[in-house]
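As a plain string of letters, each chain reads:
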Amino acid sequence: MKLKNLKRIGLISLVATALIIIAVFGFGCVSGLSAIGWSGGAVQNDVLYVGSMEGRLAAINLVDESRQWAEYLKVQSSGGIFGCSSMLSCGGDTSRVPIYGTPVVTDEQIFVAGYNGKIYAYNTINLAQRWVFPRDTYLSPFVGGMFYDDNKLYVGCSDGFVYCLNAITGELLSSYQTEDKIWGTPTVADGVVYIGSFDKNIYALNAGDLTLKWKYAIEGSIIAEPLVANGIVYVGSFDKKLYALNAEAGTLKWTYEANNWFWTQPVIVNGTLYAGCLDGFIYALNPATGAVVKVFGEEDIAVISAFASQPAVEGNYVVFASKDGIVYRIDTTTQELKVLAVLTGSITGPLTVYNGIVYFQTQDIAIQRIDIESGALLLSISLISG
Amino acid sequence: MNVWELIIQQPLTNVLIVISHAFGGSFGAAIIILTIVVNLALLPLTLSQIKSSKKMMELQPKLAELQKKYAKDRQKLAQEQMKLYKESGVKLQGCMLGMIIQMPVWFALYQSIMLALAAVPEGLLNLSRFLYSWPVVFSAIPMNPYFLGMDLASPNIVLAILVGVFMWVQQKMSTMPTADPQQQSQSSMMLWMMPLLFTFMSLTFPAGLALYWVVNSLFRIGLQYRITGWGTLFKRAAKPGAEPEKKHLKFEQPPQEEIKQTIVDKNGEIIITDKESLKKSQKKGFLDRFFKGGNNGQQDQ
């Protein structure tokens, strides 16, 4: 009888445990299913422009903190069934266009690339729309940002094309097709466009007509924006390697292998290259040889999580933000790492520095501000337009 | 990373990626193979479930008998039902337990597919923390979402319809015939609700998930067919209120003289116990009278 009771209790416990597991994990959404966006900010004349997670361009006057919004980016109506956008799932908001790329700002215009497959140009004064590309149709989603050079806009698209547009009129000037999606941002230096693709190639294209100058095949896809300095192209990849290539010839100079993907662009400060990696380490390398100067995270104060945000540079400081919401500052003169702030939400968007303050957008649709010198967390600015 | 992610989601996701890489980067092939492999791993549980269902199906007449016999004594009915299950070797707990054990595995598979698909940038970033340090895994990402001309990262209407059709067939094959009108309406509702629900979900989720549901349903259909044949797929559900132990009589059109004979002697010779049949025969009689110009009607009187 006792054995029978024990069996019954065991069975009930097993069933209860199974039901709890099902309820907690099964019915919960898999994180990372909804497109939300992670646009960084661009500053011009004391105004910070950012693609808000509401799906519209927002302008914040950093002097008086007044805010202004452009019109909402339009959702592609044919993107889904029953009026739902195909880019959203698992309870996502269907009326919002995610913005991933950081806006590009000139004296008169701001440019925003949307996940709806359109590029928009606005006036800096009143955020009125000047042109949209393409005018009537939609391309594949834009995930990477744009590069502005000599009245031209360069951008990579999920359809695998690199586009060059006339920044004044929005007219398509030239294009180049890679063999897979492009989610990265291009870099233009000395008349050459450098961009990575999911087809596991780094491309160097002539900026004038987007003809191929060279391409270099690697073992992983690329989402990170290339960095060009002193005739060398530095780019991280999904094969866990950071590559240094000769910018002119496209030949390999050195590689450095980490433990996970390189998601963002590295920076060079005071003769050292700093690259954040999704393995939770920041690698300080010699840019000429790839030799390790220091690996931050091995013996430092904090347990570091993935670095997906584009770092920012202010004087001798490099500021990094980890995905779990910790903001770090590296003093490049002493190679000292300091925790500036610990936030509750995750940080995935690029960091922007202006007048000693680092700005970034968080998922509560607000701009966070941290004083780089003192580490003081300033009052956040909401981007909710109401 | 929590325990669930560490011991279930992470291994499954990496296996999915490795299979995809082994099949030339075809994520669709990886979904099909992994679904089949997981189904095979759960085969003992699934088989015991189907066999229990089959036995339950065979027990239906006896259960109906018991229901009738102990209609006023629910406790006795439950006791007798349990006794019958025990004697016939039907393990209700085993059947339930099998289902409960399988469900987390299906959820894990679903989560891994969604994770590995990385349809949106956030998904791709999230995927990075699930990857083992095997070089093959890193170089295989991001996966190629195209399979047989379909983008598995977006909803696909063809796959959504197939999900509904195959799920309906599978449900229909395994539906137990029952005389209880309440149970019958419940199973009838389930028969339509589940396929419709999953079709709707397939229209909103990435098609990779729909592909998994299609393969899963096909596997279950094949298994069910091997054990029970087509089951109740081609059988019409019994009409509510019809008692299973009474057979419906089919009346052949008798010769004119015979009709006269039976009508003459009907009080002494014919006893119709089935209400449906009685209704049918009355209806048929009425139609006969209608088409034959009322001659029989006159003779009736």
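Residues numbered from 1 in each chain as written. Chains lettered and ligands numbered in written order. Predicted model: local features only at pLDDT ≥ 70, side-chain atom pairs only at ≥ 80, totals over all residues.

Caption draft 1: Summary view of the overall build of chain A. Helix and strand content of chain A: one helix and 32 strands. Across chain A, the fraction of contacts at a sequence separation of at least 24, relative to all contacts at a separation of at least 6, is 44%. (Helix = DSSP H or I, 4+ residues; strand = E, 2+ residues; numbered from the N terminus. Contact = placed C-beta atoms within 7 Å.)

Caption draft 2: Structural context of the overall build of chain B. Within chain B, the secondary structure is distributed over 13 helices and two strands. The buried share of chain B, taken over its 301 residues, is 31%. A separation threshold of at least 6 residues defines the contact pool for chain B, and within that pool the share at least 24 residues apart is 79%. (Buried ≥ 20, exposed ≤ 12 C-beta atoms within 10 Å, placed from the backbone.)

Caption draft 3: Structural context of the sheet that holds strand 19 (residues 241-246) of chain A. Residues and elements named next belong to chain A. Here we have four strands laid out as an open sheet, ordered 17-18-19-20, and antiparallel in their pairing. The sheet is open, and its two edges are formed by strand 17 (227-229) and strand 20 (252-257), each paired on a single side. Recorded for the sheet is a direction-independent mean angle of 15 degrees between the axes of neighbouring strands. Summarising the sheet, strand 18 (residues 232-236) and strand 19 pair through five bridges and their orientation is antiparallel. Within strand 19, the position partnered with V233 by the bridge is L245. (Pairing = 2+ DSSP bridges. Axes fitted to C-alpha atoms, helices over the stretch in contact; angles between N-to-C directions.)

Caption draft 4: The sheet that holds strand 26 (residues 317-321) of chain A, seen in detail. All names here are of chain A. Pairing is antiparallel in the open sheet, where four strands are placed in the order 25-26-27-28. The open sheet has two edge strands with one neighbour each: strand 25 (312-314) and strand 28 (336-342). In this sheet, neighbouring strand axes are inclined to one another by 25 degrees on average, regardless of whether the strands run parallel or antiparallel. Bridge analysis of strand 27 (residues 326-331) against strand 28 gives six bridges, and the strand direction is antiparallel. Each bridged residue has a counterpart across the sheet, and for D331 the counterpart in strand 28 is E336.

Caption draft 5: Inspection of the confidence of the model for chain A at higher detail. Scored by pLDDT, chain A has a mean of 88; 85% of the residues are at 70 or more. The low-confidence segment residues 78-93 of chain A (pLDDT under 50) makes 35 contacts with residues lying over four places distant or belonging to another chain. (pLDDT = per-residue confidence, 0-100.)

Caption draft 6: Broad picture of the environment of A:L62. All names here are of chain A. With respect to the helices, strands and loops of the structure, L62 is situated in the loop between strand 3 (56-61) and strand 4 (67-72). In sequence terms L62 and N45 are 17 residues apart; their C-alpha atoms lie 9.2 Å from each other. Those residues in contact with L62 that sit more than four places away from it in its chain are D46, V47, L48 and Y354.

Caption draft 7: Highlighting the packing of helix 8 (residues 157-174) of chain B against helix 10 (residues 207-228) of chain B. All names here are of chain B. At a minimum axis separation of 9 Å, helix 8 and helix 10 run at an interaxial angle of 25 degrees. It follows from the interaxial angle that helix 8 and helix 10 lie roughly parallel. The crossing of helix 8 and helix 10 is left-handed. On the side of helix 8, the interface is formed by L159, A160, L162, V163, F166, M167, V169, Q170, M173 and S174, while helix 10 contributes A207, A210, L211, W213, V214, S217, L218, R220, I221 and Q224. Taken together, the residues of the contact of helix 8 with helix 10 break down into 15 nonpolar, four polar and one charged. (Parallel < 35°, antiparallel > 145°, perpendicular 65-115°, else oblique. Left-handed = near helix turned anticlockwise from the far one by under 90°. Nonpolar A, V, L, I, M, F, W, Y, C, P; charged D, E, K, R; others polar.)

Caption draft 8: How the structure looks around helix 10 of chain B. In this model helix 10 of chain B runs 31 Å from its N-terminal to its C-terminal C-alpha over 22 residues, within 8% of the 32 Å that 1.5 Å per residue would give. In the stretch just after helix 10 of chain B, B:G229 is the one whose phi turns positive, near 75 degrees. (Expected span 1.5 Å × (residues − 1).)

Caption draft 9: Inspection of the nonpolar core at higher detail. If you look at the biggest cluster of nonpolar residues, it comprises 157 residues, and the most contacted ones within it are A:V319 and B:A210. Among the elements that line this core, the one with the most residues is helix 5 (residues 92-117) of chain B, at eight residues. The residues contacting B:A210, other than those within four sequence positions of it, are B:N156, B:L159, B:A160, B:V163, B:S202 and B:F205. (Core = buried A, V, L, I, M, F, W, Y, C linked by C-beta atoms within 7 Å.)

Caption draft 10: Spatial organisation of the packing of helix 3 (residues 43-69) of chain B against helix 4 (residues 74-88) of chain B. Residue and element names in this part refer to chain B. Taken N-terminus to C-terminus, the directions of helix 3 and helix 4 make an angle of 150 degrees; their axes are 11 Å apart at the nearest point. Comparing their axes, helix 4 and helix 3 come out roughly antiparallel. Pair helix 3 / helix 4 crosses with right-handed handedness. On helix 4, the residues touching K55, L59, K62, L63, L66 and Q67 of helix 3 are L77, E80, Q81, L84 and S88. A breakdown of the residues in the contact of helix 3 with helix 4 according to their chemical character gives five nonpolar, three polar and three charged.

Caption draft 11: Highlighting unusual backbone geometry. At the junction of A:F133 and A:P134, the peptide bond is cis and its omega measures out at -10 degrees in the coordinates. Mapped onto the elements, A:P134 comes out in the loop between strand 8 (129-133) and strand 9 (146-149). Note that the residue after B:I141, namely B:P142, is joined by a cis bond; omega there is -5 degrees. Phi at A:K200 is positive, roughly 70 degrees, even though this residue is not glycine. Counting through the fold element by element, A:K200 comes out in the loop between strand 14 (192-196) and strand 15 (201-206). The phi dihedral of A:N270 falls on the positive side, at around 50 degrees, and the residue is not glycine. Relative to the helices and strands, A:N270 resides in the loop between strand 21 (267-269) and strand 22 (272-276). Exposure remark for A:N270: the 13 C-beta atoms within 10 Å place this residue in the partly exposed category.

Caption draft 12: Here's a closer look at the pairing of strand 7 (residues 119-123) of chain A. All names here are of chain A. Burial runs high along strand 7: four of the five residues are buried. In this antiparallel pair of consecutive strands, strand 6 (residues 109-113) and strand 7, the connection spans five residues, and G117 shows a positive phi of 85 degrees. Relative to strand 8, strand 7 runs antiparallel, the two being bridged by four bridges. Looking at strand 8, one finds that A121 is bridged to W131. Connecting strand 7 to the next strand, strand 8, in antiparallel fashion are five residues, including L127 with a positive phi near 60 degrees.

Caption draft 13: The arrangement of the environment of A:A113 in detail. Residue and element names in this part refer to chain A. If you trace the backbone, A113 turns up in strand 6. The exposure class assigned to A113 is buried, which follows from the 32 C-beta atoms found within 10 Å. Between the alpha carbons of A113 and I99 there is a distance of 6.8 Å; along the sequence they are 14 residues apart.

Caption draft 14: How the structure looks around the pairing of strand 16 (residues 212-217) of chain A. All names here are of chain A. Bridging between strand 15 and strand 16 involves five bridges; their strand directions are antiparallel. Opposite A204, over in strand 16, you have W214 as the bridge partner. Connecting strand 15 to the antiparallel partner strand 16 that follows it, the hairpin turn spans five residues, and L210 within it adopts a positive phi of roughly 55 degrees.

Caption draft 15: Main features of the confidence of the model for chain B. All names here are of chain B. Summing up the model confidence of chain B, the mean pLDDT is 74 and the portion of residues at 70 or higher is 70%. Put simply, helix 13 (residues 295-300) is where chain B has its lowest mean pLDDT, 39, and helix 6 (residues 121-127) is where it has its highest, 90. Within the model, the stretch residues 257-274 combines pLDDT values under 50 with 13 contacts to residues more than four positions away or in other chains. Scored as a whole, the predicted complex attains pTM 0.76, and scored at its interfaces, ipTM 0.86.

Caption draft 16: Expanded view of the environment of B:N14. Residue and element names in this part refer to chain B. With respect to the secondary-structure elements, N14 resides in helix 1 (residues 3-22). You can call N14 partly exposed: it has 19 C-beta atoms within 10 Å. The spatial distance from the C-alpha of N14 to the C-alpha of P44 is 25 Å, given a sequence separation of 30 residues. If near-sequence neighbours (up to four positions away) are discounted, N14 is found in contact with L131, Y132 and V137.

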